[in-house]
Every structure is written in C-alpha cells, then in structure tokens.
Amino acid sequence: MYKPNNLILRTTTSLIAFILLGFAVYLLFAGHNAPGGGFVGGLMTAAAIVLMYISYGTEVMKKILPINFRTLISIGLLVAVLTGFGAFLFQQPFLAHTYDYFMFPFFGEIELATAMLFDIGVYLTVLGVTITIILSIANDQ
Amino acid sequence: MSNLAVLPIILPLLFGIILALTHNRIPLSRFLTKTFTIINLGVVSYITFRVFNQGTITLETGGWEAPYGIVIVADSLAMLLVLTTNIIAVACAFYAPHSLSERQEKYYFYPFFLLLITGVSGAFLTGDLFNLFVFFEVLLMASYGLIVLGGDKVQLRESIKYVIINLFSSMLFVTAVAFLYSVVGTINMAQIAERVQEVEQQGILTTIAILFFFVFATKAALFPLYYWMPKSYIVPNPVVSALFGALLTKVGIYSILRMFSLIFIHNIDFTHPLFIWIAGLSLIFGVIGSISTNNVKLIVAYNIIPAVGFLIMGIGVFNEDALSGTIYYLVHDMFIKAVLFLIVGVIVYVAGTSDLRKMNGLINYYPLLGWLLFISAFVLAGIPPFSGFIGKLLLLKGALSVDEVIIVLIALISSLLILYSIMKIFINGFWGEKQESDNIKLKSTKGFMGPIVFLLEFSVMLGIGAEFVYPPIASISEYLLNPELYIDSVLKE
C-alpha cells in the first residue's frame, strides 16, 4: 500500500490547527461588538478541521470527531431562531437583544450579550454547512 | 408593536428546522408536518381575523425604529395571501406522503416544504425592499431543493435552467434595489413611497420602476419572460408542482401589485398601459401554449401564464373594480392552480402516462377524479357562479369603465380557450368506452382525494359565497388606492 511520508504536514497541522481553533473561538466571542463573529469563526474552525482531514484522512477523523455535521446545521439554526423567540418571553419585539456586565472570578468584569447566543447559532450552522459541502465533494468518486 | 406579525414567518421556519432533525424517521416527519401546518393555519387565521377587525399590525424587529430597522407589516392584503398560502400548505402536507417516494421524503422534503412557506409568507409580510429580496432568496433556495428532489435526468436539466434564470433575476433585483437606494436613500417601502411622492417620480425613478417590473415579471412568468416556467414546473413531483404553481409566480405578482400601488404611482400614464399590453400578450401566448400540447401536466402549467395575464391586467387598469378583481382572482388562482396540479398528479399516477393520446375512458374507473376535474375546469374558466367568474367580472368591469375594449375581448376569448384546454383532458382522458380486452389494474386513489376536495371546497366557496368574500376584498382594493394608509401604519404610530 502506498503510504505517503507526511511527517512535516502532520507536525505542522497539530500546531496550526491549534492556533486556528483558538483564534476561531476568539473571533466568535469578539463578534457582537468588534470585528469577527459567528460566520468567520465558523469558517475558521471549518478550515482547521479540513486541514486535519487532509493530514490524517477520513477514517481517523471519523473516530476523533464522531459528529454528524448535517445535524449540526439544524442545531445551529434552532439555536439562532430560538434566540429570536427568547424576546417573546420579555414582551420585546422579535430578535430584540440585550446585554449586561457580570463579575467573574479570575477574568474580572465581562460584558455578556444575548447577541452572543445568536452568534453561536450562526457559528454552528456555518461550521456544519462548510464541512458538509467540502466532505461531500471530497468523498465524491 | 406586536410580535403576532412575525409569527407566520418564524413558525414554519422553526418547524422546518425541527423536521430537518427528524428527517430519517418518516412516519414521525409526516405526522409532525401535518400537525405543524394545521397549527400554523390556526395561528394565521387568528392573525388575519385580527387584522381585518382592528387594522394593520406592524412589528419593528429587534426594536429598531421604522425607517432604520426592518419592519414586518401585516396588512389586510398580505394576511389574505398568507392565509391562502397556509390553506394550500395544509392540503399539500396531507397529499405529499401519498405522492412522494420514501427516498424523497427522507431527503429533506418536509424541511424544504416548510422553508418554502417561510419564504412566501415573508415576502408577503415584509415592509422592507431589501428584506423582500432576502425572502425571495429564501423561497428560491427551498424551491431549488424541491425541484431537484428525486434526481431524474430531466429534473436536473430543467433545474439548471430554473436556477440560472432565477439567479439572473435576483442579481437584477439587488441591482435595482441599489439604484433605488442611491436615488431615494432608503429601503423602507413606506419611506420610499413618501420620498418618491415628494420628487414626483421623475424619469430616473420610472426607469428603476421598469427594472423592478422586469425582475418581478421574470419571477411571475409574464410574456415574454415565461419561457423557463412551464417545463421546469412539471418535472418535479406533483405536490411540488402544485406548490410552485400556486405560490411562486403569485409572489411575483404580489410584488408588482405592492410596488405599483404603493411606490411607483405618479407616472401611471406611462407604466400602466405597458402592463395592459403585456397582459394581452401573456393571455394570448399562454393560451396558445396550453392548447398546443397533449401533455396533461404542461396544459396546466401553461395555464399559469394567462392567469398572471389576468392579474397584471387589473394592475394595469388600476381602478377600484379592477384591483378588487386582481385580488379576488389572485386568491382564486392560488387555490385552483394547486387543485389542478394535484388532480393532474393523480391522473398521471393512475394512467401511468402524461400523454393525453394514450389515455381513455378513465371515468369508468375513477368517477370522482373525473368530476373533480370537471368542476375545477369550470372554476378555472369562470363559469358562473364559480370564483373565476367573479374575479373576471370585476376585472372586465374595471377595464370597460376606462374603455380598454381590446383587452376585454382578448380576455373573453382566452377564457373560452382556457376552458377548452382543460376540457380537452376531460374529453380525451375520461370519456370513452370501458376497455374490456385488457384487465386494467386499478390503482388506489385513497388519500389523494381528501386534500383535493378540501382545496376545491374553498375555491367553490369563494365563488358561491361571493357575497361574504367580496366586501373585505373591496376594502383591500380601496386601501391599496390610498397608499397614505400603508405609510402611516409604518412610519407614524
């Protein structure tokens, strides 16, 4: 069996994927009032996962990440839509958002916004869609 | 502010997402779809009832005020159409399990179906021009998914055509919105209307108006932009054809009606005679198409074109009678097109072919189906007392009061030919002797008839109960002729 010597690829992947995933999380949390957001965060996470798929192959990745990415799309959409519905409970117009400051041990005072929840929905959807598209093209014979 | 206005959009969206999660469990999906469409119909009926009694409901989404944020405007016209849409959705939800293969159901038919309803309701309800574009995209995305569902070779060919033409017109749509924005500096429909009125719709705005008309005419399949429509509407499953035929082209017509009764109404002498010309040509060419073919599905698909011709004729004449006629005919046509596509679906299923020359004597085996087709042909062509008659009567009355005699003659002649085109199915397919030589295996039509009868009931009631249906429709047309009412309901609270 042909076995490629991809030591360099694998070593750099583990480093780069780590950085990519970290930056993706940063973008996601910065999103609601600074450059970034669920969309870019999702794309960047997808980039990291695709990179891992390239260097480790589908078989291994299925064991590492046993996620059905198509279900992820629906869950992401559900989270985003339910955030809109959340406003109903407080007699606010659909999709109305609010924010407040909270004290956390170690991190100090942090602003938490409900727009964040919506962004997480977007993040999951984009991640699911991107990976589904790339994998279905990649698996095509 | 009332969140009621947004419910017809987000309930189907939420239900669609839930169904995407259960797509592998077909019996559950079927049950949930039926329940969800009924719940949705209930909610929409309540909102419609409230709008007709207490006036327009507007919602500024996210709490952003009117000219800046996106407004959802549930006025009487929009709610009437949303209600019609949801009645059709219920019928299709009950028809779909019998007509689709399990594979099609598994591959996300139900989520796409509900997303289509989301897009259509959104397009009716939004009060923001860019948002209208977004909802057009939502319903188009869902329709792309539905049209390829099944993956036959012919489906792929037609869907390429369908996707390309729709992408092109969507591109033009955004461009037109950008042009309009650069002139009036807003995309809130009420504010655009206000500002266009202030500058008295000069030349450039009329040009943009025609560009918009071009975009919506492509979506509505008007002459000469209908060439993509008939074939791509017949390739998917009958239930998908019914949804497309009943809803998609009508969204285009609704947009023309809204744009040219609210915004571009200060240069009527130029724009509206154009509509009448196009109406006449759509009537002639659509009818020629429908009597020229022997494919039963194509006959019904071609019949969409004269119907949009009638609708655009009312907008072109633009007086109270003609607009009432357009609204009446719009609702009537949504019902009857859904019914016809569903009936033709059953005919093709039981006859095993869509070629009229190969069918014979179906009435001996399927009497109910035959008589349903017979009634719907009468409803479609406008034989009194059915609903087509009342819509056409209003349209013709409106047209005659401004001396548009030629279009009236064209409309009358094409009505006769429409009747002929459907009767052709009845005469060739249903008449004839019982074939005794070969023992035909009867296919069960159980489950198909319920939804068809359900829809046809509404259609017939629309005509027989005209005394009760006409007053609210006349009030909508009066409301459309006073755009200040719309503007006030959005901008001044």
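Residues numbered from 1 in each chain as written. Chains lettered and ligands numbered in written order. Predicted model: local features only at pLDDT ≥ 70, side-chain atom pairs only at ≥ 80, totals over all residues. Heavy atoms only, no water.

Here we come to the overall build of chain B. From N to C terminus, chain B includes 21 helices and 2 strands. Seen through its C-alpha atoms, chain B measures out along the principal axes to roughly 75 × 55 × 45 Å. Each of the 493 residues in chain B was classed as buried or not, and the buried ones make up 64%. In chain B, 82% of the contacts between residues at least 6 apart in sequence involve partners at least 24 apart. (Helix = DSSP H or I, 4+ residues; strand = E, 2+ residues; numbered from the N terminus. Buried < 20%, exposed > 50% of the residue type's maximum accessible area, 1.4 Å probe, protein only. Contact = heavy atoms within 4.5 Å.)

Let's shift gears to the overall build of chain A. On a plain count of helices and strands, chain A comes out with 4 helices and 2 strands. Mapped from its N terminus to its C terminus, chain A presents α and β elements in the order α-α-α-β-β-α. The globule rule puts the C-alpha radius of gyration for 141 residues at 14 Å, and the 18 Å found for chain A is more than 25% above it. Projecting the C-alpha coordinates of chain A onto the three principal axes gives extents of approximately 65 × 35 × 25 Å. Within the span of chain A, comprising 141 residues, buried residues form 35% of the whole. For chain A, the share of sequence-separated contacts (at least 6 apart) that also reach a separation of at least 24 residues comes to 61%. For chain A, the exposed area adds up to about 9,100 Å²; of that, 71% sits on carbon and sulfur atoms. With 5 positive and 6 negative side-chain charges, chain A shows a separation of 27 Å between the mean positions of the two kinds. (Rg over C-alpha atoms; globule rule 2.2 N^0.38 Å. Areas by Shrake-Rupley, 256 points an atom, 1.4 Å probe, with all protein chains shown as cover. Lys, Arg positive; Asp, Glu negative; His and termini not counted. Charge placed at Lys NZ, Arg CZ, Asp CG, Glu CD.)

Turning to the pattern of salt bridges, a few remarks are in order. All names here are of chain B. Going through the model one piece at a time under the given rule, you end up with 8 salt bridges over all chains. One salt bridge in this structure joins Asp-321 and Lys-397, with 3.8 Å as the shortest N-O distance. Highlighted residues: Asp-321 in helix α15 (residues 320-351) and Lys-397 in helix α17 (residues 387-401), separated in sequence by 76 residues. Residue Lys-337 pairs with Asp-333 through a salt bridge whose shortest N-O separation is 3.0 Å. Residue Lys-337 and its partner Asp-333 are both found in helix α15; the two are separated by 4 residues, about one turn of the helix. Judged on exposure class, the residue Lys-337 and its partner Asp-333 are both buried. Residues joined in a network through salt bridges with shared partners are Arg-157, Glu-158 and Lys-161. (Salt bridge = Lys/Arg side-chain N within 4 Å of Asp/Glu carboxyl O.)

With that out of the way, let us pick up the packing of helix α11 (residues 238-263) of chain B against helix α21 (residues 483-491) of chain B. Residue and element names in this part refer to chain B. Interhelical geometry of α11 versus α21 gives an angle of 95° and a closest axis separation of 8 Å. Relative to α21, the element α11 is oriented roughly perpendicular. When α11 is examined against α21, the residues Arg-258, Ser-261 and Leu-262 are found in contact with a partner set consisting of Pro-483, Tyr-486 and Ile-487. Residue composition of the contact of α11 with α21, by class: 4 nonpolar, 1 polar and 1 charged. (Axes fitted to C-alpha atoms, helices over the stretch in contact; angles between N-to-C directions. Parallel < 35°, antiparallel > 145°, perpendicular 65-115°, else oblique. Nonpolar A, V, L, I, M, F, W, Y, C, P; charged D, E, K, R; others polar.)

All names here are of chain B. Within this model, the second largest pocket holds a volume of roughly 390 Å³. In terms of lining residues, the second largest pocket is bounded by 16 residues, among which Leu-80, Leu-83, Leu-462, Val-469 and Pro-472 are the most central. Elements supplying a minimum of two residues to the lining of the second largest pocket: α2 (26-54), α3 (76-99), α15, α19 (449-464) and α20 (466-480). Of the residues that constitute the lining of the second largest pocket, the class distribution is 13 nonpolar, 3 polar and no charged. (1 Å grid on protein atoms, 1.4 Å probe; cavity = no way out; pocket = protein on both sides within 12 Å on 5 of 7 lines; lining within 4 Å. Points joined across faces, edges and corners; volume = space filled by probe spheres on them.)

To continue, consider α15(B). One full turn of an α-helix is made of 3.6 residues, so residues set three or four places apart face in the same direction. Residue and element names in this part refer to chain B. In this model α15 runs 45 Å from its N-terminal to its C-terminal C-alpha over 32 residues, within 8% of the 46 Å that 1.5 Å per residue would give. Of all 32 residues that make up α15, 28 are buried, and the element is covered over most of its length. Of the residues one or two after α15, Gly-352 is the one with positive phi, at around 75°. (Expected span 1.5 Å × (residues − 1).)

So, about α2(B). All names here are of chain B. With 29 residues, α2 ought to run about 42 Å at 1.5 Å a step, and its terminal C-alpha atoms sit 41 Å apart, in line with that. Listing the buried residues of α2 in full gives Ile-26, Ser-29, Leu-32, Thr-33, Phe-36, Thr-37, Asn-40, Leu-41, Val-44, Ile-47, Thr-48 and Val-51. Looking at the buried residues of α2, the elements they touch are α1 (7-21), β1 (57-60), β2 (71-74), α3, α4 (102-106) and α5 (109-125). Two residues or fewer after α2 comes Gly-55, characterised by a positive phi angle close to 90°.

A few words on the interface of chain B and chain A. In this assembly, 18 residues from chain B lie in contact with 16 residues from chain A. For the chain B and chain A pair, buried surface summed over both sides reaches about 1,300 Å², with 81% attributable to carbon and sulfur atoms. Our enumeration of links across chain B and chain A arrives at 3 residue pairs in polar contact (both at pLDDT 80 or more). When residues of the side of chain B that touches chain A are traced back to their parent elements, those giving at least two are α1 and β1 of chain B. The leading source of residues in the side of chain B that touches chain A is α1(B), at 9 residues. A breakdown of the residues in the side of chain B that touches chain A according to their chemical character gives 13 nonpolar, 4 polar and 1 charged. (Buried area = accessible area lost by both parts, 1.4 Å probe. Polar contact = N/O pair within 3.5 Å; in protein donor to acceptor, adjacent residues only side chain to side chain.)

Residue and element names in this part refer to chain B. On the secondary structure map, Asn-166 appears in helix α7 (residues 153-184). Within the structure, Asn-166 has its side chain in polar contact with the backbone oxygen of Tyr-162 (distance 3.0 Å). Residues within four places of Asn-166 in sequence aside, it is in contact with Leu-140, Tyr-144 and Lys-219.

Bringing empty space enclosed by the protein into the picture now. All names here are of chain B. This structure, assessed with the given rule, holds 3 cavities of 30 Å³ or more. In this structure, the largest cavity spans a volume of roughly 70 Å³. Lining the largest cavity are Phe-136, Leu-139, Leu-140, Tyr-162, Asn-166, Lys-219, Trp-228, Tyr-233, Leu-248 and Val-251. Broken down by secondary-structure element, the contributors of at least two residues to the lining of the largest cavity are α6 (129-148), α7 and α11. Among the elements that make up the lining of the largest cavity, the one with the highest residue count is α6 (3 residues).

Quick look at the nonpolar core now. Membership of the largest hydrophobic core comes to 205 residues, with the highest contact counts inside it found for Phe109(B) and Phe212(B). Setting aside chain neighbours within four positions, we find Phe109(B) in contact with Ala96(B), Leu100(B), Gln104(B), Leu146(B), Leu149(B), Val239(B) and Val240(B). Membership of the second largest hydrophobic core comes to 16 residues, among which are Leu28(A), Tyr53(A), Met61(A) and Phe69(A). (Core = buried A, V, L, I, M, F, W, Y, C linked by side-chain atoms within 4.5 Å.)

To continue, consider the pairing of strand β2 (residues 108-113) of chain A. Within a regular beta strand, the side chains point alternately toward one face of the sheet and then the other, so they alternate between its two faces. Residues and elements named next belong to chain A. Across 6 bridges, strand β1 (residues 99-104) lies against β2 in antiparallel orientation. Of the residues in β2, the one forming a bridge with Tyr-99 is Ala-113. In this structure, the hairpin formed by β1 and β2 is closed by a connection of 3 residues, where Phe-106 is found at a positive phi of approximately 75°. (Pairing = 2+ DSSP bridges.)

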